[in-house]
Amino acid sequence: MAKETRVDRQSLRLKRFYPVAPEKVWRAWTDARALGQWFRPNASFSIAIAESDVRVGGGFRVLMINAKSEEFDLAGTYREVMPERRLVMTWGWKNQPGHESVVTVTLRPAGDGTQLELLHEGYLDFVDQPTHEEGWNGALDTLGTILKGEVK
């Protein structure tokens, strides 16, 4: 799986190639049950809640719990939905009220698979928490493992 990362002050751009069709990657991002299998920074987090209503104006919520039983409650609203091509959503943590960032996921057919590009803009990182870069890299690596069928 090819990886590329670019980080600016408050934006992050990641690229991954997954050797599966775009519809499989799309399903992983849009089906709540599938989302609950990979959408976490690393294996020390469990996912207690994964919900998604994928339509413009619909929302998603993911409640992650780390090994110390700390909760990380994330929610957002879908701004743009282009099946198997593009997903744009707001991103807000319950512990950061009033602050929203934006995540754009773009999928492109590429050879025998899918090129994914993720752009996360306007986020806040805290010194005592894993960064968005670490979190997204861990999640996208887990997604790759799931898509290869190595984890059920």
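Above this note sits the structure.
Below is a short write-up of the structure. (Residues numbered from 1 in each chain as written. Predicted model: local features only at pLDDT ≥ 70, side-chain atom pairs only at ≥ 80, totals over all residues. Heavy atoms only, no water.)

## Details of the overall build of the chain
Helix and strand content of the chain: 3 helices and 8 strands. Seen in sequence order, the chain has helices and strands lined up from the N terminus as β-β-α-α-β-β-β-β-β-β-α. Expressed as a percentage of the 152 residues in the chain, the buried residues total 43%. When the accessible surface of the chain is totalled, it reaches about 8,000 Å², and 48% of it is carbon and sulfur. (Helix = DSSP H or I, 4+ residues; strand = E, 2+ residues; numbered from the N terminus. Buried < 20%, exposed > 50% of the residue type's maximum accessible area, 1.4 Å probe, protein only. Areas by Shrake-Rupley, 256 points an atom, 1.4 Å probe, with all protein chains shown as cover.)

## Here we look at the pattern of salt bridges
All chains considered together, the criterion is met by 7 salt bridges. Note that Arg 13 and Glu 117 form a salt bridge whose closest N and O atoms lie 2.4 Å from each other. Highlighted residues: Arg 13 in strand 2 (residues 11–18) and Glu 117 in strand 8 (residues 113–121), separated in sequence by 104 residues. Taking the relative accessible area as the measure of exposure, Arg 13 reaches 27% and is therefore partly exposed. The class for Glu 117 is buried, based on a relative accessible area of 16%. Between Asp 53 and Arg 55 there is a salt bridge, with its nearest N and O atoms 2.9 Å apart. You can call Arg 55 partly exposed: its relative accessible area is 44%. Taken together, the salt bridges that share partners define one network made up of Arg 13, Lys 15 and Glu 117. (Salt bridge = Lys/Arg side-chain N within 4 Å of Asp/Glu carboxyl O.)

## Looking at unusual backbone geometry
The phi torsion at Ser 69 lies on the positive side, around 70°, for a residue other than glycine. With respect to the helices and strands, the residue Ser 69 is situated in the loop between strand 4 (59–65) and strand 5 (71–82). Judged by its relative accessible area of 59%, Ser 69 falls in the exposed class. The phi torsion at Glu 84 lies on the positive side, around 65°, for a residue other than glycine. Topologically, Glu 84 is positioned in the loop between strand 5 and strand 6 (86–93).

## Remarks on the packing of helix 1 (residues 22–30) against helix 3 (residues 132–147)
Contact pair helix 1 / helix 3: the axes reach a minimum separation of 11 Å and the direction vectors enclose 125°. Considering their axes alone, helix 1 and helix 3 lie oblique with respect to each other. The two elements helix 1 and helix 3 meet at a crossing, and its hand is right-handed. Facing Lys 24, Val 25, Ala 28 and Trp 29 of helix 1, the residues of helix 3 in contact are Trp 136, Leu 140, Leu 143 and Leu 147. Of the residues assigned to the contact of helix 1 with helix 3, the class counts are 7 nonpolar, no polar and 1 charged. (Axes fitted to C-alpha atoms, helices over the stretch in contact; angles between N-to-C directions. Parallel < 35°, antiparallel > 145°, perpendicular 65-115°, else oblique. Left-handed = near helix turned anticlockwise from the far one by under 90°. Contact = heavy atoms within 4.5 Å. Nonpolar A, V, L, I, M, F, W, Y, C, P; charged D, E, K, R; others polar.)

## Structural notes on the packing of aromatic side chains
In the structure shown here, the tally under the stated rule is 10 aromatic pairs. An aromatic cluster is built from Trp 29, Trp 38, Phe 39, Trp 91, Trp 93 and Trp 136, whose rings are joined through pairwise contacts. (Phe/Tyr/Trp six-rings, centres within 6.5 Å; stacked < 30°, edge-to-face > 60°.)

## Some thoughts on the nonpolar core
Trp 29, Trp 38, Phe 39, Val 105, Leu 116 and Trp 136 are the most contacted members of the largest nonpolar core, which has 34 residues in total. Looking at this core element by element, the count peaks at 6 residues for helix 3. (Core = buried A, V, L, I, M, F, W, Y, C linked by side-chain atoms within 4.5 Å.)

## Section: the environment of Asp 31
With respect to the element layout, Asp 31 can be found in the loop between helix 1 and helix 2 (32–38). Residue Asp 31 is classed as partly exposed on the basis of its relative accessible area, which comes to 28%. Separated by 19 residues in sequence, Asp 31 and Ala 50 place their C-alpha atoms 9.1 Å apart. A distance of 3.1 Å separates the side chain of Asp 31 from the backbone nitrogen of Arg 33, its partner in a polar contact. Reaching out from Asp 31, the side chain makes a polar contact with the backbone nitrogen of Ala 34 at a distance of 2.9 Å. (Polar contact = N/O pair within 3.5 Å; in protein donor to acceptor, adjacent residues only side chain to side chain.)

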